[in-house]
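Survey of secondary and tertiary structure
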Amino acid sequence: MRPMQRTPHADFDPALKKRLDELWGTPPNLYRALANHPAIVAAWTEFANTLRHGSRTPRALRELVILRGAQLMGSQYEWAQHLRMARRAGVPEAQIGALASWRGSSAFDAREKAALTLAEAVTRGRVSDEVFGE
């Protein structure tokens, strides 16, 4: 059974629709829910664009971190949305399949393991100096 949609989806004003088409093509449903408040969805769009394209962290690594957070929190929505993004960013299927047991997997290099360690610590609300330093 599919869960009931709790926040109605709204249409975008024409200028924002054009901007979203330029940035993402079809945006995730989150944007349609945020469109109930045009100022919020407009600000969110630029914020998300900066996160996705203005970060020094490679996109594939960011998507791995997001997917791991989704696993830890049991967020099916976040997993489903970012699984597509991870694949488009070039995350190998071997890493996606091994993500739940990444610590013992040879599919991840030292940098990826350090990022996943930090992601888990942030998700759990406790980042030690050692983890942050790594």
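What this report covers is the structure whose coordinates are included nearby.

Turning next to the overall build of the chain. A count of helical and extended segments in the chain gives 8 helices and 0 strands. In sequence order, the secondary structure elements of the chain are arranged as α-α-α-α-α-α-α-α. By its C-alpha atoms, the chain is 50 × 40 × 30 Å across when sized along the principal axes. Evaluated residue by residue, the chain yields a buried proportion of 34% over its 134 residues. Long-range pairs, those at least 24 residues apart, make up 46% of the contacts in the chain between residues at least 6 apart in sequence. Summed over all atoms, the accessible surface of the chain reaches about 8,900 Å², with 56% contributed by carbon and sulfur. Positive and negative side-chain charges of the chain, numbering 19 and 14 respectively, have mean locations separated by a distance of 4 Å.

This part takes up the layout of surface pockets. The calculated volume of the largest pocket comes to roughly 620 Å³. Every residue lining the largest pocket is counted, 26 residues in all, and those nearest its centre are L51, R62, I66, E78 and H82. The set of elements that each furnish at least two residues to the lining of the largest pocket consists of α2 (29-34), α3 (38-53), α4 (59-73), α5 (76-88) and α7 (110-124). For the lining of the largest pocket, the element with the highest residue contribution is α4, accounting for 8 residues. In terms of residue class, the lining of the largest pocket is made up of 16 nonpolar, 5 polar and 5 charged.

Rules and cut-offs
Residues numbered from 1 in each chain as written. Predicted model: local features only at pLDDT ≥ 70, side-chain atom pairs only at ≥ 80, totals over all residues. Heavy atoms only, no water. Helix = DSSP H or I, 4+ residues; strand = E, 2+ residues; numbered from the N terminus. Buried < 20%, exposed > 50% of the residue type's maximum accessible area, 1.4 Å probe, protein only. Contact = heavy atoms within 4.5 Å. Areas by Shrake-Rupley, 256 points an atom, 1.4 Å probe, with all protein chains shown as cover. Lys, Arg positive; Asp, Glu negative; His and termini not counted. Charge placed at Lys NZ, Arg CZ, Asp CG, Glu CD. 1 Å grid on protein atoms, 1.4 Å probe; cavity = no way out; pocket = protein on both sides within 12 Å on 5 of 7 lines; lining within 4 Å. Points joined across faces, edges and corners; volume = space filled by probe spheres on them. Nonpolar A, V, L, I, M, F, W, Y, C, P; charged D, E, K, R; others polar.

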